[in-house]
Amino acid sequence: MTLTQVWGALLIFVLCPLLGGLPLISWITYLFTRRQLSQVGTGNVSVSAAFYHGGRWVGILAVLSEALKGIAAVLLAHYFFPTEPAWEIIALIMLVMGRYWMGKGAGTTNVVWGFVVHDWRVALLVFLIGGIGFTVIRDRTTGRYGVLVLFPLILALLHPHDSARIISAIALSLIIGWIYQKIPDDLDLPTEQAKSESKSVFRFFRGDKAIIPLERELDPQQVGSKAATLSQLKRWGYAVPQGWILPPGDDMQPLVKYLPVSESEPLVVRSSAIGEDAELSSSAGQYQTVLQVTSRPALKEAITQVLASYHHPAARGYRRNRDLPDTAMAVLIQKQIQGVFSGVAFSRDPMQQQPNTVVLEGLPGDASQIVSGQVTPEQYRVFFQQPQLVGAGLTDNLEDKTDNSTKPAPLDQQENGDNRSPSVEIEGEGDLPPALIQEVATLARELEDRYHGIPQDIEWTYDGQQLWLLQTRPITNLQPIWTRKIAAEVIPGLIRPLTWSINRPLTCGVWGKIFTIVLKERSQGLEFNQTATLHYSRAYFNATLLGDIFRRMGLPPESLEFLTRGAKFSKPPLKSTLRNLPGLLRLLGREWNLDQDFEQDYHHHFAPVLSQLQEQSVSELSDAEILERVNQILSELQRATYYSILAPLSLSLRQALLKVKDEELDSSQTPEIASLRSLAQLADDTRHLLSPKQINCDNHASVFTTLSEIPDAQSVLEQFDQFLAQYGYLSDVATDIAVPRWKEDPRPIRQLFAQFLCDPPPATKPPKRQRWKAEVVQARLNLKGRVTEVYSKFLADLRWSFVALEKRWLESGLLSEAGDIFFLEFAEIQRLIAETDQVLREELPRLINYRRSQLDEHRQLRSVPPLFYGNPPAVSFLMQTQSEPAQQRLVGIGASAGQVEGLVRVLSNLQSVPDIDRQTILVVPYTDSGWAPLLARAGGLIAEVGGRLSHGAIVAREYGIPAVMDIHNATQMFRNGQRVRIDGRSGIVEVLE
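I will try to describe carefully the structure that is included in this document. Predicted model only: the values in this text are computed from it and were never measured.

## Thoughts on the overall build of the chain
- Check the secondary structure of the chain and you find 36 helices and 23 strands.
- Residues counted as buried form 54% of the 993 residues belonging to the chain.
- For the chain, the accessible surface area stands at approximately 45000 Å², while carbon and sulfur atoms represent 54% of it.

See below:
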């Protein structure tokens, strides 16, 4: 390379990007219109933006300015490299990069005119072939990407031996294609807002096909959610009337001219505004619908009316009040079905919280009567008596609508129109055939399942042969959906204000941290503090928010239930998953390094602080010092909560992917199993010191009295005290700091020790040699055990800190009885210590009494639903709701294999421990580490909540006790003394009496 060429290369790499970034279009537009292109529309500084915002002459000048840039770049390269044409393409590449990085444009015009100078034959052939293709296809996306393929291909055909030139052309195409993905397209802007003299040019280059059928895949951001939803339903196979779309700004003439319309084939013209029928705003009734369109002039007038309704003052006010942007409206035109019966249906009752209920309204005739509000429709309520499903998530996911087994037979195939399913009960009387009511109700519930459990409001009509689906949209006042599943395992039972004011920010904050690892800047706008809430003093997770988060992450909305409960896992959208792949890889990196990260935090944070807390006498601290101790614990708990969430998820993920059975794992390092084995070993070492007459299995106090009188048994009592010192941080609800720990109330442990003396538990089988897959999962199970120990110890120290503070306040008269402090929120305790809120101090007795009475009221509720839609109903309504009738066969989550028959013993809490033996089937609301002593004595377990990795399931597998989890409302359905059979592998519970 000569010195001249070196200078030429330098100029190309420096001058061409600067030339590309020169904002000539912006200057021209501002000169003629006083508008900054970077501040209007999409923000692009492009030729199409100049046409759109500046008009025809501004657009022409913009084309000339960018054409000159492309020509100048090619001529510059040709001057320095006259025999190496590849440098001319390299100059265009540098020009395009500068155009993108500095000029906010794609550089298409630069390349087009640059290639005219570079090789006019290539430019001409691309223009002819691409132009013909675009005219036929009329789709701009296909057209512009087709040109990017054409020009290197034609160049290669004309210059097959110039490899440098071909490679440069391919690189240029790839760069422009990449830029197209990065910047918005001005051609997506509504045509009606463009400069009047530019509209015809702009519409041509938009490239939308003149006729868009409803069967085509549609983008809700382009044509509105209503049209896009009906398009999706039609492609799924649902009976949706034939239809066509007029996108915002498109010319209506082709549709008016083409569509079949007559007296015998009437059409209906409907709105499909951008943002209409969204999850949080339905826009129902805001825009006009025109029925019975029977002529082309009437069709044109109907389209005009529907478009005009977007600008009606009421519609504008609706959007303004809900902070919805003013965008554009598409028009949906469909064949009108002449309905024999028509109506609407709600997949969930929008007024009452009753499970498995569909509300349906209908009348003879078409659907317009129902939605008009001028006729009182017949109302029906359909009750589905559905058994519980193994591992069911919020909803059952549907892969494809190919199995119609849940739908009743068509009406014309049913005798007398009353062939209803025995699992369906219909309430209400009128003209609608019962079979049609059932079919509509089944359709409504099926559509709810399709849309991730979001309740649906559907419009339907029946023409005597076919049930047609006219519309489905979310019931906005039933958002968000609150689910007790998973939440009831994380923090079960009734929750007091102090516990919630600490657990909620910890849990929500860590979930937010985990989600942000994947989403990065796309997590903006997500309210992670809304992940959980309390309803009736019980924890609920925001299923709507979690589903939205997982969809943003490129995962199915039921991902959390898949990981924690073994729910079915639907296939995520490939495009969304690929987009989130970098974030998912970051999260997998955290999972891969979880062991090392925990070890580092354990040695630098957890172990030193736990040791310091153990050495510190909290009773000798002042109120301010206790608060400082609490803040120190909370700081460590925030770090520990990260591991308490991620370790179980990591364990579940590895176990699911590697398909390792629970029986292949050793749970000996989990606190619940380690404590039981330690106590059983102590009982074995003690048994020889007592005669059978000295062991009273039903009276643990007498056993310990006898041991205290035996000199050789003093070491046993010391070892028991050491046991309490080691495992005294456990309780029946470790995550609830309002619940006493074993160290405070060792009676359940003493009783279990006496039971072990009388009836030794079965010997633990030595672990089998594990295959490599099991070893990988075992490492995570061991980590989960260590994390549970650290997390539970910090929570125990946190409880004891507040108990010490409460003791001081009881002595001073600030509080009146034990447990009062747990009815205060942490922020209120801080203000009381700082003495900055005198009003709170004066109102303290009334506030605590109110919250205590509220908790008592919530405790009286016979049944609290596992799901709430939107705002939950009043307590008075729930107290009137009857619990579900006991069924002969219930299905939950099989958590510990084996079959057993026995007598039910319902136990709501551990306040009073009943006599339990191997013939007892315990029915409990939940299980935690503290329930282990009780479970070890039972013959079987049924729990209202929990999965295969819950504490109860782990203990049950340790002692070979069959266990079934996730039987909702079990403590209300079963009664003491009832004989049942449980199958812990299949998750089936049969009521024998």
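## Focus: the environment of Thr442
- The residue Thr442 is located in helix 17 (residues 434-450) in this model.
- It is 9.1 Å that separates the C-alpha atoms of Thr442 and Phe384, two residues lying 58 residues apart in sequence.

## Observations regarding the pattern of salt bridges
- One pass over the full model with this rule turns up 32 salt bridges.
- A salt bridge links Glu817 to Arg852, with the shortest nitrogen-to-oxygen separation between them at 3.9 Å. Remark: Arg852 occurs in helix 32 (residues 838-859) and Glu817 occurs in the loop between helix 30 (772-812) and helix 31 (826-834); sequence separation between them is 35 residues.
- Across the pair Glu828 and Arg851 runs a salt bridge, and its minimum N-O distance is 2.9 Å. Remark: Arg851 occurs in helix 32 and Glu828 occurs in helix 31; sequence separation between them is 23 residues.
- Residue Arg851 is classed as buried on the basis of its relative accessible area of 15%.
- Shared partners join several salt bridges into a network, and the residues in it are Asp119, Arg121, Asp162 and Arg165.

## Description of the environment of Asp684
- Along the chain, the position of Asp684 falls in helix 26 (residues 671-686).
- In the structure, Asp684 is positioned 72 residues away from Phe756 in sequence and 8.0 Å away in space, judged by C-alpha atoms.
- Reaching out from Asp684, the side chain makes a polar contact with the side chain of Arg687 at a distance of 3.0 Å.

## Some remarks on helix 5 (residues 86-101)
- Here helix 5 contains 16 residues, and its C-alpha end-to-end distance of 23 Å stays within 8% of the 22 Å for a straight helix at 1.5 Å per residue.
- Most of helix 5 sits inside the fold, with 13 of its 16 residues counted as buried.

## Description of the side chain of Glu636
- The residue Glu636 is located in helix 25 (residues 623-658) in this model.
- Contact partners of Glu636, with chain neighbours within four places excluded, come to His605, Phe606, Val609 and Phe794.

## Overview of the sheet that holds strand 11 (residues 467-474)
- Across the sheet, six strands lie side by side as 9-8-7-6-10-11; this open sheet has antiparallel pairing. At either end of the open sheet lies a strand with only one pairing partner, and these are strand 9 (424-427) and strand 11. Going from strand to strand, the sheet's axes swing by 20 degrees on average, the running direction of each strand aside.
- Across the sheet, helix 17 lies against strand 6 (341-346), strand 7 (357-364), strand 8 (378-384), strand 9, strand 10 (456-462) and strand 11, angled at about 145 degrees from strand 10, the strand it touches most.

## Examining the side chain of Ser272
- Among the secondary structure elements, Ser272 is positioned in strand 3 (residues 267-273).
- Within the structure, Ser272 has its side chain in polar contact with the backbone oxygen of Val223 (distance 2.6 Å).
- Discounting residues that sit within four places of it in the chain, Ser272 has contacts with Val223, Gly224, Ser225, Lys226, Ala227, Met329 and Ala330.

## Concerning the nonpolar core
- Ranked by internal contacts, the top residues of the largest apolar core, which has 78 residues, are Leu798, Phe802 and Trp809.
- The element contributing the most residues to this core is helix 25, with 13 residues.
- Sequence-distant contacts of Phe802, defined by excluding residues within four places in its chain, comprise Leu498, Ile502, Val630, Ile737, Ile821, Phe822, Phe826 and Ile829.
- One finds Ala674, Leu679, Leu707 and Leu752 within the second-largest nonpolar core, a separate group that totals 51 residues.

## Observations regarding the pairing of strand 23 (residues 988-991)
- In the sheet, strand 16 (residues 889-891) pairs with strand 23 via three bridges, with the strands oriented antiparallel. The residue bridging Val891 from the neighbouring strand is Ile988, located in strand 23.
- One ladder, built from four bridges, connects strand 22 (residues 979-983) with strand 23; its direction is antiparallel. Residue pairing in the sheet places Arg981 in a bridge with Glu990 of strand 23.

## Some details on the packing of aromatic side chains
- Across all of its chains, the model carries 27 aromatic pairs by this definition.
- Taking the centre distance of 6.3 Å and the plane angle of 90 degrees together, the rings of Phe606 and Tyr643 count as edge-to-face. Of the two residues, Phe606 sits in helix 24 (residues 594-615) while Tyr643 sits in helix 25, which places them 37 residues apart along the sequence.
- Relative accessible area serves as the criterion here: at 0%, Phe606 is assigned to the buried category.
- When its relative accessible area of 2% is taken as the criterion, Tyr643 is described as buried.
- A ring pair is formed by Phe606 and Phe794, whose centres lie 6.0 Å apart and whose planes are at 70 degrees; its orientation type is edge-to-face. One end of the pair, Phe606, is in helix 24; the other, Phe794, is in helix 30, with 188 residues separating them in the sequence.
- Pairwise contacts between aromatic rings join Phe598, Tyr602, Phe606, Tyr642, Tyr643 and Phe794 into one cluster.
- Between Lys743 and the ring centre of Trp800, over which it is positioned, the NZ or CZ distance is 4.6 Å.

## Here's the deal with unusual backbone geometry
- For Arg34, which is not glycine, the phi dihedral falls at a positive 60 degrees.
- Relative to the helices and strands, Arg34 is located in the loop between helix 2 (24-33) and helix 3 (47-54).
- Taking the relative accessible area as the measure of exposure, Arg34 reaches 57% and is therefore exposed.
- With a phi close to 65 degrees, Asn969 is a non-glycine residue in the positive phi region.
- Inspection of the secondary structure puts Asn969 in the loop between strand 21 (963-965) and helix 36 (970-973).

## Considering the sheet that holds strand 13 (residues 532-535)
- The strand order across the open sheet formed by four strands is 13-14-12-15, and the pairing between neighbours is antiparallel. The sheet is open, and its two borders are formed by strand 13 and strand 15 (867-869), each paired with just one other strand. For this sheet, the mean angle separating the axes of adjacent strands, direction not counted, is 35 degrees.
- Bridge count for strand 12 (residues 481-483) against strand 15 is three bridges, and the pairing is antiparallel. Its bridge partner being in strand 15, Ile481 is matched across the sheet by Tyr869.
- On the sheet, helix 20 (residues 543-552) packs against strand 12 and strand 14 (538-542) and is oriented at approximately 35 degrees with respect to strand 14.

## Focus on a positive patch on the surface
- A cluster of basic side chains, namely Lys513, Lys520, Arg586 and Arg590, defines a positive patch on the protein surface.
- Mapped onto the elements of the fold, Lys513 is located in helix 19 (residues 497-519).

## What to know about a nonpolar patch on the surface
- Residues Leu75, Val112, Trp113, Val116, Val117, Trp120, Leu124, Leu125, Phe127, Leu128, Ile129 and Leu158 make up a contiguous nonpolar surface patch of about 1100 Å² in total accessible area.
- For the nonpolar patch, the secondary-structure elements that each account for two or more residues are helix 6 (108-118) and helix 7 (120-137).
- Residue contributions to the nonpolar patch peak at six residues, all from helix 7.
- Locating Leu75 in the fold gives a position in helix 4 (residues 56-80).

## Description of the pairing of strand 7
- With seven of eight residues buried, strand 7 lies mostly within the body of the structure.
- Taken together, the six bridges between strand 6 and strand 7 define a ladder with antiparallel strand orientation. Note that in strand 7 the partner of Phe346 across the bridge is Val359.
- Direction of pairing for strand 7 relative to strand 8: antiparallel, over a ladder of six bridges. Note on strand 8: the bridge partner recorded for Val358 is Val382.

## Notes on the packing of helix 2 against helix 4
- Two numbers describe how helix 2 lies on helix 4: the axes approach to 9 Å, and their chain directions differ by 155 degrees. Taken together, the axes of helix 2 and helix 4 lie roughly antiparallel to each other. The interaxial crossing formed by helix 2 with helix 4 has right-handed handedness. Of the residues in helix 4, those touching helix 2 at Leu24, Ile25, Ile28, Thr29, Phe32 and Thr33 are Val58, Leu61, Ala62, Ser65, Glu66 and Lys69.
- For the contact of helix 2 with helix 4, the per-class residue count stands at seven nonpolar, three polar and two charged.

Criteria and thresholds
- Residues numbered from 1 in each chain as written.
- Predicted model: local features only at pLDDT ≥ 70, side-chain atom pairs only at ≥ 80, totals over all residues.
- Heavy atoms only, no water.
- Helix = DSSP H or I, 4+ residues; strand = E, 2+ residues; numbered from the N terminus.
- Buried < 20%, exposed > 50% of the residue type's maximum accessible area, 1.4 Å probe, protein only.
- Areas by Shrake-Rupley, 256 points an atom, 1.4 Å probe, with all protein chains shown as cover.
- Salt bridge = Lys/Arg side-chain N within 4 Å of Asp/Glu carboxyl O.
- Polar contact = N/O pair within 3.5 Å; in protein donor to acceptor, adjacent residues only side chain to side chain.
- Expected span 1.5 Å × (residues − 1).
- Contact = heavy atoms within 4.5 Å.
- Pairing = 2+ DSSP bridges.
- Axes fitted to C-alpha atoms, helices over the stretch in contact; angles between N-to-C directions.
- Core = buried A, V, L, I, M, F, W, Y, C linked by side-chain atoms within 4.5 Å.
- Phe/Tyr/Trp six-rings, centres within 6.5 Å; stacked < 30°, edge-to-face > 60°.
- Lys NZ or Arg CZ within 6 Å of the ring centre and 35° of its normal.
- Patch = residues over 30% accessible without salt bridge, like charges linked within 9 Å, V, L, I, M, F, W, Y side chains within 5 Å.
- Lys, Arg positive; Asp, Glu negative; His and termini not counted.
- Charge placed at Lys NZ, Arg CZ, Asp CG, Glu CD.
- Parallel < 35°, antiparallel > 145°, perpendicular 65-115°, else oblique.
- Left-handed = near helix turned anticlockwise from the far one by under 90°.
- Nonpolar A, V, L, I, M, F, W, Y, C, P; charged D, E, K, R; others polar.

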